[in-house]
Structures are given as structure tokens and as C-alpha cells.
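Coordinates in review
If you want the building blocks of each chain, they are given just below.
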Protein chains: 2
Amino acid sequence: MASAATMGVGVLGLSGLEALVAGSPTRTPGSSQVVTGKRDSLVVHKSEIPVLETPSQLLESRITPLDVLFVRNNQPLADAATLKGVPLKGWKIAWTGKIDKPRSLDAEVLAGMEQVEHEMVLQCCGNGRSLFAGTVQAKGTQWTRGGMGNVRVSGVRLSAVARKLGVRIGAGARFLTAEGRDAPLPGKQDFEHSLPLDEAMEHSLLATRINGQPIPAVHGGPVRLMTPGYYGTMHIKWVTRLRFEGEETDNYNQIPRYRVPRSQLPPGQKIEYTFANSKACWRMKTKCVVLSPEPGAAVAAGRKLSVRGVAFNDGSTRIDSVQLSTDRGQTWKRVSLEIPASRFAWYRWSASVTLGAGKQELWARAVDALGRSQPLDGSIHWNPSGYEWNGVEKIAVTVV
Amino acid sequence: MASAATMGVGVLGLSGLEALVAGSPTRTPGSSQVVTGKRDSLVVHKSEIPVLETPSQLLESRITPLDVLFVRNNQPLADAATLKGVPLKGWKIAWTGKIDKPRSLDAEVLAGMEQVEHEMVLQCCGNGRSLFAGTVQAKGTQWTRGGMGNVRVSGVRLSAVARKLGVRIGAGARFLTAEGRDAPLPGKQDFEHSLPLDEAMEHSLLATRINGQPIPAVHGGPVRLMTPGYYGTMHIKWVTRLRFEGEETDNYNQIPRYRVPRSQLPPGQKIEYTFANSKACWRMKTKCVVLSPEPGAAVAAGRKLSVRGVAFNDGSTRIDSVQLSTDRGQTWKRVSLEIPASRFAWYRWSASVTLGAGKQELWARAVDALGRSQPLDGSIHWNPSGYEWNGVEKIAVTVV
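Residues numbered from 1 in each chain as written. Chains lettered and ligands numbered in written order. Predicted model: local features only at pLDDT ≥ 70, side-chain atom pairs only at ≥ 80, totals over all residues. Heavy atoms only, no water.

1. Digging into the overall build of chain A
- A tally of helices and strands in chain A yields five helices and 24 strands.
- Its C-alpha radius of gyration of 21 Å places chain A within 12% of the 21 Å reference for a compact globule of 400 residues.
- Overall, chain A is about 70 × 50 × 45 Å in size when its C-alpha atoms are taken along their principal axes.
- A buried classification covers 59% of the 400 residues belonging to chain A.
- When contacts within chain A are restricted to residue pairs at least 6 apart in sequence, long-range pairs at least 24 apart make up 71% of them.
- When the accessible area of chain A is evaluated, it comes to approximately 15800 Å², of which 52% is carbon and sulfur surface. (Helix = DSSP H or I, 4+ residues; strand = E, 2+ residues; numbered from the N terminus. Rg over C-alpha atoms; globule rule 2.2 N^0.38 Å. Buried < 20%, exposed > 50% of the residue type's maximum accessible area, 1.4 Å probe, protein only. Contact = heavy atoms within 4.5 Å. Areas by Shrake-Rupley, 256 points an atom, 1.4 Å probe, with all protein chains shown as cover.)

Pasting the structure below:
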């Protein structure tokens, strides 16, 4: 955590500065300019504080390479617009709140502890937001399908670190609130998030490596608090403070940001969020995504069409099936799933279909072993900020 | 509420007494003897305190007639083993707890107030329990599919009664706990249940009529607290007291009875329920039931087979589709749904299939508009008492 007073335009990376100066959308820098080390083929949603989306065709591999992995950063941090790592040496993480006494963790200690690796989906809770525009456009970055990736994350269990430090957590602690070194834009509250403490102690990692290398600065290195199965916003980057508290934080980034209503909201309707009528974007909804063909594609008639995609949920149970329909939901056929090694990873799937000439739609739906599936009309989960889209995939193609 | 001291064997109906005296299962009375007015075709699970199940073929009508509606009573009550009504005159309902001052409602007042009618599914949360035996048999009455019915319930909104009485509910009240006039068996705690107060004030009725007539004694008349979308156990019969409280009751019938774990439990595993690791059997899970053919039926080869059933959820959204598979889940076909007038009612559905000779299976699965469906293996929701079964229906038939 850095105070806003110490941060200024100087904290922006060079490419971000150029974008601010340039101003015009026609001069938007490419993704490789926005974040050093990224390929140039990503969609640049924002360049000052980088927000980059991965095109579908770059998501077909089991593991998403870091040079194409999406980026969604919220606040400025000096020298963070790069895939380069950040030294663990000298990095401290404060432990405060309802514990026996405050502690300071020297992050270098993590390197010598038992490492746990999860292959896991990393997904922005705004992924798919643009699809809400089928009813009423939701405010925020208009992500299509590429605000996600599947990565290998390793680090030390939070519970193991607590044991090593001898931390005794008070009976009144029910949430873990985490802060990072990044600082807010002027007039905004500093970014932080709360997690249910029980789940954090069971699953969260103080992660230091991703895809076998130190976590790059742009992705939250040297230490990121990562909880598999949770939306990306809950994986706190550049973590510097862990607060054990009785209540969920009322920080602007926890409420009203990054929340969804508990009940259905008619598209376009306003809501005043309370802790009672809404919940934080924690566990990921069951979902599948079609990666190929892309929406609007022209495909050849009379030939087998390969349909490919991925499916995942919050990891609490397995994906049981992905089903494909070529007749707008009248009949569904199970596709072939590639079973991943980890329950938090995505399942790649593929099918081969033959379509008649003309305008056609491919619909895809995942069902997990708990019977959790996807709404036929994803807008039933409409919310003002367009979080947690998980509608049945409907890909329109033209068969010529 | 009656104290246990005033209750004895004298509270059992005559048929119940006979059963106790007779003892032998070979002399189990028929359902018309167990409850006066019921048809003789129901399955008698228990006769002292009546527990009766409706055979599938009697559930095919839109509205389930009262003479075949299932019964699941928990505690003895004098003269309650009958379809006859109970006078409203003289019936009092106490309002206590976190309200401005205690009240006593004269139930006769309800008759003069605005009546609200819901067509709704009434379902025991143990319905389908016997199907858990595919892994480990759950303890309790081995219901198959007939612990449910679809009825028209009318009464007065709880919120309207509160307004009429001028009740001001305290800010600290979060649950409504209801008790009935029935009394516990010796050594047991009196039956009561808590509901989330917000939902009770929004949806609950002080119901006095069912299918157009006064609620019969056996079904909880003269006044039953009914909350559409909730499991039947939460519809408190013979209601005599409403307590507005800060916490969910820790009564034995709320915890550990009538609870399910929040996380998956391997079949057969014990669990010590806490409010944190479990939840009450409140909202009904999304589900479909095949009513015809019955499991194990022999059906004729080379002819269209009519498959019929019902589907429902907790009424918070519509059932979007019911899908049928004749190839063990490889392909699914949407069936024809009859849209009900009320979101709490069941959807009757039907399909026509042609099966090859030999042993075949019909699988049926509902999906609602929120994307909530049913697990392919219902035992994933295994719990020691076998509540809330909602597995995909799998009906084995022999085609001859």
C-alpha cells in the first residue's frame, strides 16, 4: 500500500504516459507497447493502467502463455507495466487485525517453504460483459471472451505461512482483507478485497510463480494472494497487507464495485447494494466458452466444422459435460472433454458438426457434477456493472 | 403448542392406536384407515403419526386432489388424522419476540382479509430419499417420488396481517420461528422451524384453504404457515406461535434435522452440523420427476412410448426446459412443457420416444432460467438424512 500523496504521473509506465499525452484513440499503442513483453496481438482496452484482452484463437492451448495472458489492473504502480519479475528480497507483508499480535512477513521466507501448484483458470469477473448488451449494455470495459486464461500458479498455502509465523487467529475473525502496494487514483479509495476467511485459510496461496517463472510485475509479482476458483479481482496483486477482520470490508472496491445482486434484477434497473441484497464476486460461475469458430465467422458448407472451446467452474466439483446444440436448443449433444489434472483448471473440449447452408447458431452449455449449468439467456444475471456473465454460448455463423 | 405432559397415547387417532397395538407389519392398516378421507391407494410409510406417499400414477393431474395428497406429520395431535377441517373460531396465534409488544391474533380475522392464492408444489424434503441408496442408504422414510403434490393454497400474506395488527418488527429480527399446536413425542424437543424473515415477510401466507376448501386437520388446518418455493417441512402446521428472533432456532428440528451440508460429503460420511457448515432445507432445488413409465416397467417394442412427468424449482425463476435422453446422456432432446399459471407450480411435461428392444434407460433433466439444473449423479448431494434429492431422473425399462 502506498499513499496517494506519494504517487503521481511518474508512477505510470512510459507507454502509459505516451497514451495520456497522445490522447487520441487512433494513436492507441499496441499491447506490446502497453506492457513490455506482451505480444502485439492483444486487444488494448486501456493503456494508462493496462487492460488487455486475449483474442480467442490464442486461448486454445492448455496453458495460456504469459505473453498473451489478459491484464486487468485497477490502480497505478511504478514499473509494473512489464512481464519482468520483481525481487522477493525486501518485500514485506504485514499481518494485522484479529490475530494474537501483528507480524511482518519477509517474503523471501516463502521461497524456502513447501510449494503448492494449482493449474487454474484466471478470469476477470467482467469477462463476457459485452454480451449483456443483448439487453442493456453494462458499464465497464466491454470484454468479449478473452478476459481469461489457464495458468499454473505456485506458492505457499496461507495456512502454512500462518503456522510458520505462529499466528493465532482470533475467534472473531471471519474475513481476510488484502491490500497491495498499488495506490489509488486521486479521490478514490485504495483497492482492497475481502475473502471468507475459512476459504482463504483452506485454499489461498501466497503465490510467487506463474507458469514456472516469477510472477511478472504486471500480474502482481513478487507476491500475489491467489485463491483458486475465485474471480481474478479477488487475487490481490503486489500484496503487502493481510487484515484478519470480523466483517467484510466496506471499501468501494468490495461494495458497490465487484458485487452482484442476490436476486434477479431487470436489465437496466438500478440497485443500491447492501451486504444483504448482494454478494461479492467470489466463486466463479459454471461456464463454457466457444473459442472456434468466432462469432460471425463464415464457414464452408458440406464440410465438418470443428467446434472448440473450454469449460470451467469454481473447482468445487468437476465439469460433467459440455453439450452443443445446432438447432437453437431443441437437441443437445455431448462433446468430447479433455479432463485436466486440476479441478481448478479448464477443460478443453471439441466437437465436429455439419451445418446446413445459411445463418446458423452454435449453442454450447456446460453442466457440472453438482447440476450447476448456464442460463439460456445470460441476461437473467444482468447487473449494472456486468459481472459474472455465464450465459449459454450462442455463436452465429454463416455457412456458405 | 401443547406441553408433552398433557399428551399421551390418547392423542393418537383410532387407526394409529390400532397400529400400535397390532404391532405387526403384516397388519399395517391401509391409507384410508390411517387418515380418514384418504383413498386406500397411498403407500403407508407410518401409521401412528401418519406418513403416506402418493403413487406416481396419481400425480399426473395438474392439481393433486386432497384425497391422494401425501402426508408427512412429525408429532402427534389429537383428532388430526382426517381430511376434515378444523374451526377457525377460537384459534389463536401468538406473536412474540423482537416486536414492539406481544400480540394474539384471533385466526377468525383472517377470513375477512384479502386472500392470496398460489398454485404451488408441496414437497417433503425427504422426497426421493430412497434414490440415495444407489451409494449409501440415507436414514429416514424411504420415499420414492410421491412425497409431493401440486395444490392451490390460499390465505393472507403474513405482511398484511402484521400491518393489520400494527406490529412493528424490531431491527434485530432476522428470522421467523414458527410453532404449531402438535406436541413432541416423549423426550423430544417440540417441532418448530425458522425461516429467513425477509423472505417470510415477502412470501409467506397464513394459509387457511387448500384446493378451495378449509385446510384439513391432517394437512395443518385451520392455519398453516406456508411459504411457496420452500420444502414442506417449513410450512408449519396448526400454527399457534410466531417468534421474531435475531437468530435461527437451534431446535433439534432445525439443526441437525432438516439440514444439508454446504459442501460435498462423501456418501456414508458423518458430519457434525453447525450453522456455518450447513443450511436449513429451505428453498427447493430444481428438479424433474418422471411419472410414467414407472421404473422397471415393461414396455412394448416398436411403438411410441409416452413419457410424462413434472418439473419445478423454488419459483424464483421459470423452468426453461426439460430434456430427455434415451442414450444415457449422450444426446438430449427438449420435451413439451405445459406452462403453469404460477411460478411456484409444477410444469407438466410429456414426450414420445421410440426405444430399441432390451434394457433401456430414460433420463430426464430440468434446467431453469437461472441455469440451475440437476446433477447427473444425485448422490453428489448425499447427506446422512437424505434430504433434497434432485438427481437427474434415470428410469430403467425393459422393451419387449
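Continuing now.
2. Focus: the interface of chain B and chain A
- Between chain B and chain A, the residue contacts involve 23 residues of the former and 23 residues of the latter.
- With both chains or domains summed, chain B and chain A bury close to 1900 Å², and 46% of this area falls on carbon and sulfur atoms.
- Ranking the residues of chain B by area buried against chain A places Trp-332, Arg-334 and Leu-370 of chain B at the top, with a combined share of 25%.
- Counting across the interface, chain B meets chain A through zero salt bridges.
- Viewed at the interface, chain A and chain B are joined by seven residue pairs in polar contact (both at pLDDT 80 or more).
- Secondary structure elements with two or more residues in the side of chain B that touches chain A: strand E19 (319-325), strand E20 (331-334) and strand E23 (358-368) of chain B.
- In the side of chain B that touches chain A, the residues fall into seven nonpolar, eleven polar and five charged.
- Pairing geometry for strand E20 (residues 331-334) of chain A and E20 of chain B, over three bridges, is antiparallel. (Buried area = accessible area lost by both parts, 1.4 Å probe. Salt bridge = Lys/Arg side-chain N within 4 Å of Asp/Glu carboxyl O. Polar contact = N/O pair within 3.5 Å; in protein donor to acceptor, adjacent residues only side chain to side chain. Nonpolar A, V, L, I, M, F, W, Y, C, P; charged D, E, K, R; others polar. Pairing = 2+ DSSP bridges.)

3. Description of the nonpolar core
- Judged by nonpolar contacts, the single largest core of 54 residues is most densely connected at Trp-95, Leu-206 and Leu-242 of chain B.
- Contributions of two or more residues to this core are made by strand E4 (92-97), strand E7 (148-157), helix H4 (158-165), strand E8 (175-180), helix H5 (197-203), strand E13 (239-245), strand E16 (287-292) and strand E18 (305-312) of chain B.
- Apart from residues no more than four positions distant in its own chain, Trp-95 of chain B is found in contact with Pro-102, Arg-103, Leu-105, Leu-158, Val-161, Ala-162, Leu-165, Val-167, Leu-206, Leu-242 and Phe-244 of chain B.
- With 52 residues, the next largest nonpolar core counts Trp-91, Val-121, Ile-236 and Val-239 of chain A among its residues. (Core = buried A, V, L, I, M, F, W, Y, C linked by side-chain atoms within 4.5 Å.)

4. Remarks on helix H4 (residues 158-165) of chain A
Residue and element names in this part refer to chain A.
- Of the positions making up H4, those classed as buried are Leu-158, Ser-159, Val-161 and Ala-162. Here the buried residues of H4 occupy an arc of 160 degrees about the axis, which is enough to place them on one side. Projecting away from the buried face of H4 at angles above 90 degrees are the exposed residues Arg-163 and Lys-164.
- Directly beyond the C-terminal end of H4, a positive phi value near 75 degrees is found at Gly-166. (Arc of directions from axis to C-beta.)

5. Brief notes about the sheet that holds strand E22 (residues 347-353) of chain B
Residue and element names in this part refer to chain B.
- Taking strand neighbours across the sheet as the criterion, the four strands line up as E16-E18-E22-E21 in an open arrangement whose pairing is antiparallel. Strands at the two margins of the open sheet, each flanked by one partner only, are E16 and strand E21 (336-338). Across this sheet, the average inter-strand angle for adjacent strands is 25 degrees, counted without regard to direction.
- Sheet analysis places E21 next to E22, joined by three bridges and oriented antiparallel. The residue of E22 that forms the bridge with Ser-336 is Ser-350. (Axes fitted to C-alpha atoms, helices over the stretch in contact; angles between N-to-C directions.)

6. Topic: the confidence of the model for chain A
All names here are of chain A.
- The predicted model of chain A has a mean per-residue pLDDT of 93, with 93% of residues at 70 or higher.
- Counting contacts from residues 1-25, a segment whose pLDDT is below 50, to residues more than four positions away or on other chains yields 35 contacts.
- Interface confidence in the predicted complex, given as ipTM, is 0.88; pTM for the same model is 0.90. (pLDDT = per-residue confidence, 0-100.)

7. Brief notes about the packing of aromatic side chains
- Summed over all chains, the structure comprises 14 aromatic pairs over all chains.
- Look at Phe-132 of chain B and Trp-389 of chain B: their rings are 4.9 Å apart centre to centre, the planes differ by 90 degrees, and that puts the pair in the edge-to-face class. Residue Phe-132 of chain B is found in the loop between strand E6 (116-123) and E7, and its partner Trp-389 of chain B is found in the loop between E23 and strand E24 (393-399); the two are separated by 257 residues along the sequence. No difference in accessibility class separates Phe-132 of chain B from Trp-389 of chain B, as the two residues are buried.
- For the pair Trp-332 of chain B and Trp-363 of chain B, a centre-to-centre distance of 6.5 Å together with 50 degrees between the ring planes defines the contact as tilted. Of the two residues, Trp-332 of chain B is situated in strand E20 and Trp-363 of chain B in strand E23; the sequence distance between them amounts to 31 residues.
- Aromatic ring contacts, followed pair by pair, group Phe-191, Tyr-258 and Tyr-387 of chain A into a single cluster.
- The ring of Trp-91 of chain A has Arg-181 of chain A sitting right over it, with the charged end atom 3.8 Å from the ring centre.
- When the ring centre of Trp-363 of chain A is taken as origin, the NZ or CZ atom of Lys-394 of chain A, which lies over that ring, is 4.5 Å away. (Phe/Tyr/Trp six-rings, centres within 6.5 Å; stacked < 30°, edge-to-face > 60°. Lys NZ or Arg CZ within 6 Å of the ring centre and 35° of its normal.)

8. Topic: the pattern of salt bridges
- Counted according to the given criterion, the structure contains 42 salt bridges over all chains.
- When the shortest N-O distance is used, the salt bridge between Asp-67 of chain B and Arg-39 of chain B registers 3.3 Å. Separated by 28 residues along the polypeptide, Asp-67 of chain B in the loop between strand E2 (51-53) and strand E3 (71-72) and Arg-39 of chain B in the loop between helix H2 (31-34) and strand E1 (43-46) bring together distant segments of the chain.
- Judged by relative accessible area, which is 25%, Asp-67 of chain B ranks as partly exposed.
- A salt bridge links Arg-168 of chain B to Asp-100 of chain B, with the nearest nitrogen and oxygen atoms 3.6 Å apart. Highlighted residues: Arg-168 of chain B in the loop between H4 and E8 and Asp-100 of chain B in the loop between E4 and strand E5 (103-106), separated in sequence by 68 residues.
- Judged by relative accessible area, which is 33%, Asp-100 of chain B ranks as partly exposed.
- Each of Glu-179, Glu-192, Arg-241, Arg-243 and Glu-245 of chain A takes part in salt bridges that share partners, so that together they form one network.

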